[in-house]
Amino acid sequence: MNLIPSQKIIVIGPLLSNFWDNIQKDNSNIERNKNRIVIMSRLEREKDIQTAFQAIKNVLQRKKFLELEVIVLGAGTERVFLENYAKSIGIGKNISFRGWINAPWELLQSSQVFLQTSFYEGFGMSLVEAYMYGCFVVSTDVGIASELINIPRDGQICSVQNVECLTGGIIKAMDESP
């Protein structure tokens, strides 16, 4: 069997350099809205946004006076269903669907929590972007999440559809923010 010598193999990771050029590496001086959650996703069934909304409902029930703002960035076939679902569970006034935006960086930098509830991810580029901008990442254990997030400092990783874990991660981020 002919093997390729290891010195002839080059591993090229995801090309993130253009993102690094656009961010302030030290996010400690950024003023964050501690009551803002960002969801950045295609609005499709496999992204399980319903579970995200269930966790958000739990947060609002446990923190009665919280002025929670949830910004959903993305588009897809589930948008109308999700808008109706949010209204039906009583969180519609807290959810803002903004569609796709080309440069979500300022929104990520000024938000306390990035929430991802996918059933699966190949990699999870939005997780990397949120992490790079200093968001506390609350995510299901998909894609690169468990390799990227330093728990408990940078986020909370939960099993798929674990609403209680997701709820706890969001509350932790909000309670521990300056």
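Located above this text is the structure these notes cover.
Note that the coordinates shown come from a computational prediction; the quantities given were computed from them, not determined experimentally.

Rules behind the numbers
- Residues numbered from 1 in each chain as written.
- Predicted model: local features only at pLDDT ≥ 70, side-chain atom pairs only at ≥ 80, totals over all residues.
- Heavy atoms only, no water.
- Helix = DSSP H or I, 4+ residues; strand = E, 2+ residues; numbered from the N terminus.
- Buried < 20%, exposed > 50% of the residue type's maximum accessible area, 1.4 Å probe, protein only.
- 1 Å grid on protein atoms, 1.4 Å probe; cavity = no way out; pocket = protein on both sides within 12 Å on 5 of 7 lines; lining within 4 Å.
- Points joined across faces, edges and corners; volume = space filled by probe spheres on them.
- Nonpolar A, V, L, I, M, F, W, Y, C, P; charged D, E, K, R; others polar.
- Core = buried A, V, L, I, M, F, W, Y, C linked by side-chain atoms within 4.5 Å.
- Contact = heavy atoms within 4.5 Å.
- Polar contact = N/O pair within 3.5 Å; in protein donor to acceptor, adjacent residues only side chain to side chain.
- Expected span 1.5 Å × (residues − 1).

Turning our eyes to something else, we now look at unusual backbone geometry. Negative phi values dominate among residues other than glycine, just as trans dominates among peptide bonds. Following I151, the chain continues into P152 via a peptide bond in cis, with omega recorded as 5 degrees. Positive phi outside glycine occurs at D48, with the angle close to 50 degrees. With respect to the helices and strands, D48 occurs in the loop between β1 (33-40) and α2 (49-62). For D48, a relative accessible area of 7% gives the class buried.

In this section: empty space enclosed by the protein. Under the criterion given, the structure shown has one cavity of 30 Å³ or more. Around the largest cavity sit I39, M40, S41, K47, I49, L115, Q116, T117 and S118, which together line it. Those elements that place two or more of their residues in the lining of the largest cavity are β1 and β4 (111-116). For the lining of the largest cavity, the per-class residue count stands at four nonpolar, four polar and one charged.

Next up on the list: the layout of surface pockets. Approximately 150 Å³ is the volume found for the second largest pocket. Contributing to the lining of the second largest pocket are M40, S41, R42, K47, W100, Q116, S118, E121, G124, M125, S126 and E129. No other element matches helix α5 (residues 125-132), which puts three residues into the lining of the second largest pocket.

The next thing to look at is the nonpolar core. Formed by 33 residues in total, the largest nonpolar core has its most connected members in I37, I39, F53, I56, L68, L115 and I170. Counting only elements with at least two residues in this core, the list comes to β1, α2, β2 (69-73), α3 (79-88), β3 (95-99), β4, β5 (136-140) and α7 (163-176). Among the nonpolar cores identified, the runner-up in size contains 20 residues, and W105, V128, A130 and C135 belong to it.

Mapped onto the fold, N35 is located in strand β1. Given the relative accessible area of 18%, N35 is considered buried. Setting aside residues up to four positions removed in sequence, N35 forms contacts with L66, E67, L68, E69 and M174.

Now for the environment of S96. For S96, the position within the fold is in strand β3. We classify S96 as partly exposed; its relative accessible area is 24%. Taking the C-alpha atoms as reference points, S96 and E83, 13 residues apart in sequence, are found 9.0 Å from one another. Once you skip the residues sitting within four places of it in the chain, S96 turns out to touch V70, I71 and V72. Within the structure, the side chain of S96 is placed 3.3 Å from the side chain of R98, a separation counted as a polar contact.

The subject of this paragraph is α7. Given a rise of 1.5 Å per residue, 14 residues ought to cover 20 Å, and the 20 Å separating the end C-alpha atoms of α7 matches this to within 8%. Turning to α7, its buried residues number three or more, namely V163, C165, L166, T167, G169, I170, I171, A173 and M174. Its buried side turned inward, α7 meets β1, α2, β4, β5 and β6 (155-158).

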